[in-house]
Amino acid sequence: MNNEDATPNMRLAVNIDHIATLRNARNEGHPDPVEAALLAERSGAAGIVCHLREDRRHIKDNDLARLREAITTKLDLEMAMTDEMQRVALSVKPELVTLVPEKREELTTEGGFAIQKYFSHLAGFIKPLRDKEIGVSIFIEPEEESIALAAEAGANIVEFHTGTYSLRTGESEIAFELERIRSAARIAREAGLTVVAGHGLSVLNIAPFRELHDIEEVSIGHAIISRAVLIGLPTAIREIIDLIRR
């Protein structure tokens, strides 16, 4: 696959979980994650991401219902592979669900979905979602085996965990991780999968991704919301979009 076959402009999906985290600090209704989602759309976001966790630590069920009603781009529901979350997804009908690992004690998602461990159950979990025309993405490490298993299980999208890349500081280490992601993205595209990337990406490290032509979208939450505290949400979003435009 050459660069002419790749998507010309990378999209940005904005995760609004931590707007809800801030609201929940005082439980007084503000800031409203739905209002933030609409502002993100107006500022150029191609989709809105939220993670409905088992413990509802940030996004609540009512937030999800209101997001489904309000947003006009794409709703990506991050969720664990549980019967409860499958029922939620089939009821709410987001455009996309992203299967992520989830541990109650973690501060944020740690690493990719253990696709080898859960593969025997994965196709049966995905099929009802795809039957309802809900896209399915799996948050995986940028590895060839994981890509092949995701495609075999019926996912139509993979999101590469970029946390390892985001923590690298040495020039050679950064280059190695970028090449690993580039190679995996090419393999995934050749397997017929749409490729997304996310976790730990920010204005400090996102610019090289404009050259990863097989990645169609990046998903960013914490870095944008944190920066928005200082410069405002529209400016923080446009800053990223300017950096990923090809």
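Above this text sits the structure in question.
Residues numbered from 1 in each chain as written. Predicted model: local features only at pLDDT ≥ 70, side-chain atom pairs only at ≥ 80, totals over all residues. Heavy atoms only, no water.

Draft legend 1. Local environment of the side chain of Glu 217. The residue Glu 217 is located in strand S8 (residues 217-220) in this model. Engagement of the side chain of Glu 217 in a polar contact is seen with the side chain of Lys 74, the distance being 2.9 Å. Residue contacts for Glu 217: discarding those within four places in its chain leaves Met 10, Arg 11, Leu 12, Ala 13, Lys 74, Val 195, Val 196 and Ala 197. (Helix = DSSP H or I, 4+ residues; strand = E, 2+ residues; numbered from the N terminus. Polar contact = N/O pair within 3.5 Å; in protein donor to acceptor, adjacent residues only side chain to side chain. Contact = heavy atoms within 4.5 Å.)

Draft legend 2. Local environment of the pairing of strand S1 (residues 11-15). In terms of residue burial, S1 counts as a mostly covered element, since four of its five residues are buried. As paired strands, S1 and S8 are joined by four bridges and run parallel to one another. Paired with Val 14 across the strands is Ile 220, a residue of S8. (Buried < 20%, exposed > 50% of the residue type's maximum accessible area, 1.4 Å probe, protein only. Pairing = 2+ DSSP bridges.)

Draft legend 3. Spotlight on the pattern of salt bridges. Across all of its chains, the model carries 18 salt bridges by this definition. One salt bridge connects Arg 11 with Glu 217, and the closest N-O pair in it is separated by 3.0 Å. Taken together, the positions of Arg 11 in strand S1 and Glu 217 in strand S8 put the pair 206 residues apart, joining distant regions of the chain. The class for Arg 11 is partly exposed, based on a relative accessible area of 29%. The exposure class assigned to Glu 217 is buried, which follows from its relative accessible area of 2%. In this structure, Arg 182 engages Glu 179 in a salt bridge whose closest nitrogen and oxygen atoms are separated by 3.3 Å. In this pair, Arg 182 and Glu 179 both sit in helix H8 (residues 171-190), three residues apart, roughly one turn of the helix. Looking at Arg 182, the relative accessible area reads 33%, which means it is partly exposed. For Glu 179, a relative accessible area of 39% gives the class partly exposed. (Salt bridge = Lys/Arg side-chain N within 4 Å of Asp/Glu carboxyl O.)

Draft legend 4. Quick look at the sheet that holds strand S7 (residues 194-198). With parallel pairing, eight strands are arranged side by side around a closed barrel as S1-S2-S3-S4-S5-S6-S7-S8. Between one strand and the next, the sheet's axes are offset by a mean angle of 25°, whatever the strand orientation. (Axes fitted to C-alpha atoms, helices over the stretch in contact; angles between N-to-C directions.)

Draft legend 5. Inspection of the environment of Pro 208 at higher detail. When you line up the elements, Pro 208 lands in the loop between S7 and S8. A residue is classified by how much of its surface remains accessible, and Pro 208, at 33% relative accessible area, is partly exposed. Residues Pro 208 and Leu 178 lie 30 residues apart in sequence; the distance between their C-alpha atoms is 8.0 Å.

Draft legend 6. Highlighting the pairing of strand S5 (residues 135-140). Burial within S5 is extensive, with six of its six residues counted as buried. By the alternation rule, side chains of S5 split into Gly 135, Ser 137 and Phe 139 and Val 136, Ile 138 and Ile 140, which are all buried. Pairing between S5 and strand S6 (residues 157-161): four bridges, direction parallel. Bridge pairing links Ser 137 to Ile 157 in S6. Once the chain exits S5 it traverses helix H6 (residues 144-153) before rejoining the sheet at S6, and the crossover so formed is right-handed. (Right-handed = clockwise from strand over helix to strand, strands pointing away.)

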